[in-house]
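# A structural walkthrough
Read off the chains here:
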Amino acid sequence: MSQQQHATKGRGRSRGRAGPRPAEASASAASAASFDSGSAAAASTSPAAAAAASSPAPPPGLAGPPGASGFGYRQGAGATGGDSEQLAERMAGLQVGGERGGLQRKLLRYQLANVRPEGVPVSNKRGTSGAPVQVVTNYVALNVKDNWRTYQMAVDFRPMLGAKPLREKLLTDASQVPKPFVYDGGILYTRQPLNPPEGVKFEASIKSWTGEVAIRQVGEVNRNTPQWLHLMNVVLGKAQRYLNMQMVGRNFYYPDQATRLPNYGMEVWPGFEMAVKPTDGPLMLYLDPSNKFIHTNTVLDFMYDMYNRVASNQFHAAAESALVGQIVLTRHNNKTYRIDSIEWDKGVNEHFRWFNKTTRQEEQITFGQYFKQTYDIDLADDKQPLLVSKPRKRDLPPTKGGRREQADNVLLPPEVCYMTGLTDDMRADRNLMRDLATHTRVNPSARCDKMLTFARTMAGNPESRRVLGEFGLEVSPNAVEATARQLQPETVQMSRPIRVDPERADWDNGLKGNGMFQPIDCKNWIFVYFQRDEQAAADFCQKLHRVSQSLGMSFGEPYVLPVMQDRDQFWLKTIQDNINQELDLVFCLLPNNNAHRYNIIKRLCYVDKPVPSQCVLTKTIRNPAKVMSVATKVAIQISCKLGGVAWALSIPIKRTMIIGMDSYHDKRQSRSVQGVVFSLNETFTQYYSYSPIVKGGKAELHNRLDAGFTMALQKFREKNGELPARIILYRDGVGDSMLEQVKNSELVQLKQSLSRIYGDRISSLGFKVIIVKKLVSSRLFRRGGNQLRNPAPGTVLDDVITMPNYVDFFLVSQYVNQGTVTPTHYNIIEDVNDANIRPDQVQQLTYKLCHLYFNWPGTIRVPAPCQYAHRLAYLVGQNLNDNKSEFEPSPQICDRLFFL
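Residues numbered from 1 in each chain as written. Predicted model: local features only at pLDDT ≥ 70, side-chain atom pairs only at ≥ 80, totals over all residues. Heavy atoms only, no water.

Taking an unreviewed UniProt entry as the reference, the chain is identified by name as Piwi-like protein 1 belonging to Macrostomum lignano. Heading Sequence similarities (unreviewed entry) of the UniProt record for the chain holds this comment: "Belongs to the argonaute family. Piwi subfamily." (UniProt positions renumbered as here; feature names shortened; annotations may be inferred.)

It is worth spelling out the overall build of the chain at this point. When helices and strands are tallied, the chain shows 19 helices and 38 strands. Taken across its 900 residues, the chain has 58% of its residues classed as buried. Sequence separation of at least 24 residues holds for 74% of the intrachain contacts in the chain that already meet a minimum separation of 6. Total accessible area computed for the chain in this model is approximately 36800 Å², and 46% of it derives from carbon and sulfur atoms. (Helix = DSSP H or I, 4+ residues; strand = E, 2+ residues; numbered from the N terminus. Buried < 20%, exposed > 50% of the residue type's maximum accessible area, 1.4 Å probe, protein only. Contact = heavy atoms within 4.5 Å. Areas by Shrake-Rupley, 256 points an atom, 1.4 Å probe, with all protein chains shown as cover.)

Attention shifts here to the sheet that holds strand β27 (residues 613-617). With respect to topology, four strands assemble into an open sheet ordered β25-β24-β26-β27, the strand pairing being parallel. Unpaired on one side and paired on the other, β25 (559-563) and β27 mark the two borders of the sheet. The sheet shows a mean angle of 15° between the axes of neighbouring strands, direction not considered. Taken together, the five bridges between strand β24 (residues 525-530) and strand β26 (residues 585-590) define a ladder with parallel strand orientation. Directly across from Y529, in β26, lies its bridge partner L589. Its contacts with the sheet put helix α12 (residues 534-551) on β24 and β26, and the angle it makes with β24 is roughly 145°. The sheet contacts of helix α15 (residues 627-641) involve β26 and β27, and relative to β27 the element is tilted by about 160°. (Pairing = 2+ DSSP bridges. Axes fitted to C-alpha atoms, helices over the stretch in contact; angles between N-to-C directions.)

The antiparallel open sheet is built from five strands, whose spatial order is β4-β5-β3-β7-β6. Only two strands of the sheet have a single partner each, and these edge strands are β4 (181-183) and β6 (200-206). Within this sheet the neighbouring strands show an average axis-to-axis angle of 30°, counted without direction. Note that strand β3 (residues 151-158) and strand β5 (residues 187-190) share four bridges and pair antiparallel. Residue Y151 lies in a different strand from β5, and its bridge partner there is T190. The strands touched by helix α3 (residues 164-173) are β3, β4, β5, β6 and β7 (209-220); relative to β4, the strand with the most contacts, the crossing angle is about 160°. Contacts from helix α4 (residues 226-240) reach β3, β4 and β5 within the one sheet, and its direction differs from that of β4 by about 95°.

Before going further, it helps to examine the packing of helix α16 (residues 698-720) against helix α17 (residues 739-758). Running from N to C, α16 and α17 cross one another at 40°; their axes reach a closest spacing of 10 Å. When the axes of α16 and α17 are compared, the pair comes out oblique. For the pair α16 and α17, the sense of crossing is right-handed. Listed contacts from α17 to K698, L701, H702, L705, D706, F709, T710 and L713 of α16 are Q741, S745, E746, Q749, L750, S753, L754, R756, I757 and Y758. Of the residues contributing to the contact of α16 with α17, the split by class is eight nonpolar, six polar and four charged. (Parallel < 35°, antiparallel > 145°, perpendicular 65-115°, else oblique. Left-handed = near helix turned anticlockwise from the far one by under 90°. Nonpolar A, V, L, I, M, F, W, Y, C, P; charged D, E, K, R; others polar.)

On to the pattern of salt bridges, then. Inspection of the entire model under this criterion finds 41 salt bridges. We note a salt bridge from D831 to K768, for which the minimum N-O separation is 2.9 Å. With D831 in strand β38 (residues 824-832) and K768 in strand β33 (residues 766-773), this residue pair connects regions lying 63 residues apart in the sequence. K768 gets classed as buried once you look at its relative accessible area, which sits at 1%. (Salt bridge = Lys/Arg side-chain N within 4 Å of Asp/Glu carboxyl O.)

What follows covers the nonpolar core. Core analysis: the largest hydrophobic core is formed by 140 residues, its most contacted members being F587, Y730 and Y868. Considering every element that reaches this core, the biggest residue donor is helix α19 (residues 864-880), with nine residues. Shared between two domains, this core takes at least three residues from each, and those domains are domain 2 (519-642) and domain 3 (653-683 + 691-776 + 830-885). Membership of the second largest hydrophobic core comes to 41 residues, among which are W148, Y189, V221 and A239. (Core = buried A, V, L, I, M, F, W, Y, C linked by side-chain atoms within 4.5 Å. Domains from an automatic or database assignment.)

Right, let's get into the packing of aromatic side chains. One pass over the full model with this rule turns up 27 aromatic pairs. With 6.0 Å between their ring centres and 55° between their planes, W525 and F527 make a pair best called tilted. Residues W525 and F527 agree in their burial class; the two are buried. Three or more aromatic residues link up through ring pairs in this structure, and these residues are W507, Y606, W647, Y687, Y853, F854, Y868, F898 and F899. Sitting over the face of the ring of F181, K238 holds its NZ or CZ atom 5.8 Å from the ring centroid. For R331, the ring lying beneath its charged end belongs to Y418, and the centroid distance is 4.5 Å. (Phe/Tyr/Trp six-rings, centres within 6.5 Å; stacked < 30°, edge-to-face > 60°. Lys NZ or Arg CZ within 6 Å of the ring centre and 35° of its normal.)

Residues R158 and P159 are joined by a peptide bond in cis, for which omega reads -5°. Topologically, P159 is positioned in the loop between β3 and α3. Geometrically, the link from K179 to P180 is a cis peptide bond, its omega value of -5° lying close to zero. Positionally, P180 belongs in the loop between α3 and β4. Of note in the backbone geometry, D376 takes a positive phi value of approximately 60° without being a glycine.

Moving on to the packing of helix α14 (residues 595-608) against α19. Running from amino to carboxyl end, α14 crosses α19 at an angle of 120°, the nearest separation of the two axes being 9 Å. It follows that α14 is oblique to α19 by the angle criterion. The segment α14 lies against α19, with Y598, N599, K602, R603, Y606 and V607 engaging L875, Q878, N879 and L880. Split by residue class, the contact of α14 with α19 holds five nonpolar, three polar and two charged.

What follows concerns the environment of I636. Note that I636 resides in helix α15. A sequence separation of 220 residues divides I636 from W856, and the C-alpha atoms of the two residues are 9.9 Å apart. The contacts of I636, once residues within four sequence positions are left out, are L511, M516, L551, A646 and F854.

In this section: the environment of Q176. Inspection of the secondary structure puts Q176 in the loop between α3 and β4. A C-alpha to C-alpha distance of 7.4 Å links Q176 and V200, two positions 24 residues apart in sequence. With near-sequence residues (within four places) excluded, Q176 lies in contact with L194, V200 and F202.

Of all the positions in α3, only K164, L166, R167, E168, L170 and L171 are classed as buried. Buried residues along α3 sit in contact with β3, β4, β5, β6 and β7.

Strand β12 (residues 284-298) sits mainly inside the fold: twelve of its 15 residues count as buried. As paired strands, strand β11 (residues 266-277) and β12 are joined by twelve bridges and run antiparallel to one another. Pairing of E273 across the sheet is with D288, part of β12. Connecting β11 to the next strand, β12, in antiparallel fashion are six residues. Here β12 pairs with strand β20 (residues 417-420) via two bridges, running antiparallel. Pairing of I294 across the sheet is with T420, part of β20.

Looking only at helix α11 (residues 462-470), the buried set comprises S464, V467 and L468. One face of α11 carries all of its buried residues, which in axial projection span an arc of 95°. Taken together, the buried residues of α11 touch α4, α10 (444-460) and β21 (473-486). Count one or two residues on from α11 and you reach G472, which has phi positive near 70°. (Arc of directions from axis to C-beta.)

In structure tokens, the structure reads:
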């Protein structure tokens, strides 16, 4: 690789990141941070400097000596810019109805997918059942002047000028550019037309760059288009800069209001997630308090700690396993990057070519020298490796023909990187999660107050108001309200019916002395435990026998198997020597949360010797006050794993199969697990499961799903004597950008499979597909006197904040006792031959299905088939498979809920 390196834009997630990339050495630097070195974002002194000074000596062997050849901070070939006519041609394609008809990738998040089922009118998406309830949303109105008019311009810098702040400053100082304007890094938006409209060219220079700027007016921005929504968000982002906030990723935060948690080495930065979204109501802006978790220790500190905890020959693999995929923050410029790999044979003494702004000469410089000269950061460890971050394709501007420019890797010293978010170990730390909850779990009244205070601050700040006013925008200080409906509470069927509490929607207390709907006995089973826990094992066996009587099931006497040594091979051999097809259950009382041991037990029981298994940690049954409750839930799980039904509801639809589908993605192994469950009975409480592992493309997925549907429909016919007359598919794990792909590819293939199975009867098959989305930013608050409360379970909203051209609704199905409840978004994208079940009935059916998850005696966020599919996919992807092999559950066990 050539030592001549071209610095390019970093991997930050700010709005409008895509734009011209540099193509000259004068714009090169050792970090994407160099682009902001002249701005307020680049501090002369960084917290990393102090951290570097106190860093411990590097452990021996952490990284090998630097290679002989010099490497620049960026790897890869530089990009060359096209002329202004080519760029204008690409820009013309960004207009809705333009000749090329394409949309730049960054605009796709504002493009409404055309997924409305054919023949379903907009007015038909609203339901009528339930009692009206007034709710407050986390949306505020965004008023736009009637005479609003904005033009978009194509801008080309020749040669390329890499730093967006420099491009923006150059455009600000240029008299040829109409004012006012906003610039997203690739597109220039102005309120005034360009004069002359065919374009202008002028010579310009800024810092070390000298060249030509060409601007051409492409056209006007039309209302209610993806470009219009994108422009609104760019303007709002510019307005936030005047509120003493800093952009990290796509959102803005208040670093000066950070809450420090020194015991955990973390800071919590408060901020807001904000965006303009199209809705069925007027143009609105959603606001939601957000938090950024920033670690105060560097990635290098994390690597030191890991080096001291693992064997030296396992350090590289352990570090890559823990760090690859993590998002890190470089505090000197507040940019985020994803770690894609680690260059162990490269160090901070590597040289690269850099343009010295003082001497105005290109020179060789090391990483250490660069960070000292630019940010006054002393890199203490000269043997530390370099982290590699690959730029995302969506951050790269398109070249002629629609292709993306070459992606250059970003190399980062671990000493200047700070991890963000929560690791799995942190999530398992109850004390940490409890302390974080005091800052992150905000009750509805406090959440709404924060939202409105922020809206009023933005509306009242003179500079923010000026930026908004220049583009004819005004933020309303009041929250948008809507009329929702609360569905009727359900009655849970057990040996005695239970009327569900409408406010909490749980029936935990109703389990006492109440038999299961269809219990299954566990007669022949083995109980495996560590010999030190013999008394705990005996006591828990007694508890299981006691609670099973009230649940209507019974346990036979187990064959107890103590494990003499607490090693994985002894556990595995004990089970292998005693497992057989005659067993109902393998029960393991585990002394610790050893993930590898758990995985090999599940692999043995679900792949090699298909027998249901149940694992319980010893510490879970140590608390005398909770042990009976634990025993009750374990007994219910065991009965359901054997084919029993804990409870049921009255659901008045017949000859119907409900399918839940979710995915588990293992990016490191480039494979996915598609978890699919198919209901087999009229109460939708028994399922056939299928979990194909897919490494290829769409063709392989289609073939595997075709086989799964065939087997599931055969099981349904064996149990019911006929094929279902209606299929309702709840599809989870689909983002907005994938909706059209799912509808136009995945569903087309599924319908082809169904046509092959049904033959001539396919014309009478009802087929409905509902997309389930849990990651939503919309919030609902219910008025209760002078306070706001969470909506009661069963609250449905299908107007005002729903999406235009969608048949969608929001449903609050679960109760939370802390913080603010998050509704789930449902979008009906396919409805064939199924007019008898209207959207109103779909809402009721969806809420009913949220009661049927047997791991929890209450409602959950999504319909039970979705949660079962999620559990299945996660079990197969996380527990049954490893880096060397792939295993799918045995078909002999797939007609039971073995994955509970």
